[in-house]
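Topology and contacts: notes
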Amino acid sequence: MAMKPSVAVRDYTVPEDRVPLVIPEQLGVSEIKLLKEEIADLLRQRKAVLVAHYYVDGSIQDLAEETGGCVSDSLEMARFGRENQASTLVVSGVRFMGETAKILSPDKMVVMPTLEAECSLDLGCPPEDFEKFCQANPDRKVVVYANTSVHVKALADWVVTSSVALPIIDALDASGHKILWAPDKHLGRYIQQQTGADMLLWSGSCVVHDEFKSKALFELKRVYPEAGVLVHPESPAGVIDVADAVGSTSQILKAARELPHKEFVVATDRGLFHKLRQQNPNKRFLEAPTAGEGATCRSCAHCPWMAMNDLRTLAAVLRDKSSMHDNEIVIDPILSAQAMIPLKRMLDFPS
Ligand code: 13P
Ligand code: SF4
């Protein structure tokens, strides 16, 4: 019988007042075209490459691909940044993605459209508290999600993303290790249930995925009985339980391409719909229900920090060298070298 994960610490849900209210400005077609041309030109001048996540604005995702950069999940962003020859990486996503790029490529300049793009999982795992948690459980392998600060990564044995968390925990479990997992409780519970590993969980969550509701999803499934359900594993257990496919952003894209369904209900940030629709023009994609109308939720189905990435901000950062320096990721080299060890383990893990 599957073992139940133990949750050992207080709840680290990020309070509402730390979640910004970001309403992305709608740009006209001609402004988008002009900004994209200007940014493409600036990227060439700065010998820079654009590395974007699937949740950022669709025009930034397109620009990354059109200019020889990449749009991908957090694991591939890390790989691409490390392997690309450009001297400057422009990372469009949230801060832990920029930090990961810098840790893996300490000699490259890593710039972000804004350094204020946080992540609720990162905010919900303060390094001082996490260090005490590790010290209280010295018999466990410390495995942290990539959505954490460099300080937390530096305390870990392994870093994982949702693409590789399952096989890595499976391998650690098979070697007889007990796991200390942080910060996402839903992803931790899902991995524990799939692998049967002995896992002690930190109690953090993503403000976006935590909002998906299983009851409303059941009701939507009644209206669209033929629809497949695709779920990111940062979602609550009740939502994961009804999924036809559970996985990272790139694994959701793969499932949408390969499953036979003609329509899907998708429980992840709505930024992914841009690529889902590009890759599957003949399929229909519906947003999984969140807290719904009248909810106080500030982030329903769109990450407010990802939403800080827009074309105007990106162009402004690249226009002059001083703003590039103001938006550069800088990490203490000793801390960076410590965080590189568990990150490198993940990238070297045979997938
Ligand atoms: P992926 O690793 O699946 O791209 O997810 C990153 C993330 O922040 C999901 O909320
Ligand atoms: Fe973090 Fe959630 Fe935003 Fe992903 S969607 S970056 S986990 S807050």
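All of these numbers come straight from a predicted model, not from anything done at the bench.

A few points about the overall build of the chain
Secondary structure assignment for the chain yields 16 helices and 13 strands. Taking 2.2 N^0.38 as the reference for a compact globule, 351 residues should give roughly 20 Å; the C-alpha atoms of the chain span a radius of gyration of 20 Å, in line with that estimate. Its C-alpha atoms put the chain at 60 × 55 × 40 Å along the principal axes. Each of the 351 residues in the chain was classed as buried or not, and the buried ones make up 47%. Within the chain, contacts between residues at least 6 apart in sequence are counted, and of these 65% link residues at least 24 apart.

A few points about the sheet that holds strand β2 (residues 48-53)
With parallel pairing, four strands are arranged side by side in an open sheet as β3-β2-β4-β5. Here the strands that pair on one side only, and so sit at the sheet edges, are β3 (70-72) and β5 (109-111). Neighbour-to-neighbour, the strand axes of this sheet turn through a mean angle of 20 degrees, independent of strand direction. For β2 and strand β4 (residues 88-92), the ladder comprises five bridges, and the chain directions are parallel. Its bridge partner being in β4, A52 is matched across the sheet by S92. Packing against the sheet, helix α4 (residues 95-104) makes contact with β2, β4 and β5, and its axis sits at approximately 160 degrees to β4.

Overview of the site of ligand 1
Around ligand 1, the structure places D73, S74, L75, N147, T161, S162, S163, C206, H232, E234, S248 and T249. Of the residues in the shell around ligand 1, the class split is two nonpolar, eight polar and two charged.

Some points on the nonpolar core
Buried together is how nonpolar side chains tend to be arranged in soluble globular proteins. Residues V51, V90, V143, V160, W181, L230 and V266 are the most contacted members of the largest nonpolar core, which totals 103 residues. Among all residues touching V90, those that are not within four sequence positions of it are L43, A48, V49, L50, V51 and V111.

A short note on the site of ligand 2
By nearness alone, 13 residues border ligand 2, and C119, S120, C206, V208 and C303 come closest of all. Taken together, the residues of the shell around ligand 2 sort by class into nine nonpolar, two polar and two charged.

Here's the deal with the pairing of strand β10 (residues 228-231)
Side-chain positions along a regular strand alternate between the two faces of the sheet. Alignment of β10 against strand β12 (residues 263-267), held across four bridges, turns out to be parallel. Bridge assignment links V229 to a residue of β12, and that residue is V265. Bridge count for β10 against strand β11 (residues 245-246) is two bridges, and the pairing is parallel. In the sheet register, L230 faces β11, and the bridge partner there is A245.

Thoughts on the sheet that holds strand β13 (residues 284-287)
Taken in spatial order, the four strands line up as β11-β10-β12-β13 in an open sheet, and their pairing is parallel. In this open sheet, the two edge strands, each paired with only one partner strand, are β11 and β13.

Rules used throughout
- Residues numbered from 1 in each chain as written.
- Chains lettered and ligands numbered in written order.
- Predicted model: local features only at pLDDT ≥ 70, side-chain atom pairs only at ≥ 80, totals over all residues.
- Helix = DSSP H or I, 4+ residues; strand = E, 2+ residues; numbered from the N terminus.
- Rg over C-alpha atoms; globule rule 2.2 N^0.38 Å.
- Buried ≥ 20, exposed ≤ 12 C-beta atoms within 10 Å, placed from the backbone.
- Contact = placed C-beta atoms within 7 Å.
- Pairing = 2+ DSSP bridges.
- Axes fitted to C-alpha atoms, helices over the stretch in contact; angles between N-to-C directions.
- Near = placed C-beta within 6 Å.
- Nonpolar A, V, L, I, M, F, W, Y, C, P; charged D, E, K, R; others polar.
- Core = buried A, V, L, I, M, F, W, Y, C linked by C-beta atoms within 7 Å.

Purely spatial values, then, with no claim about function.
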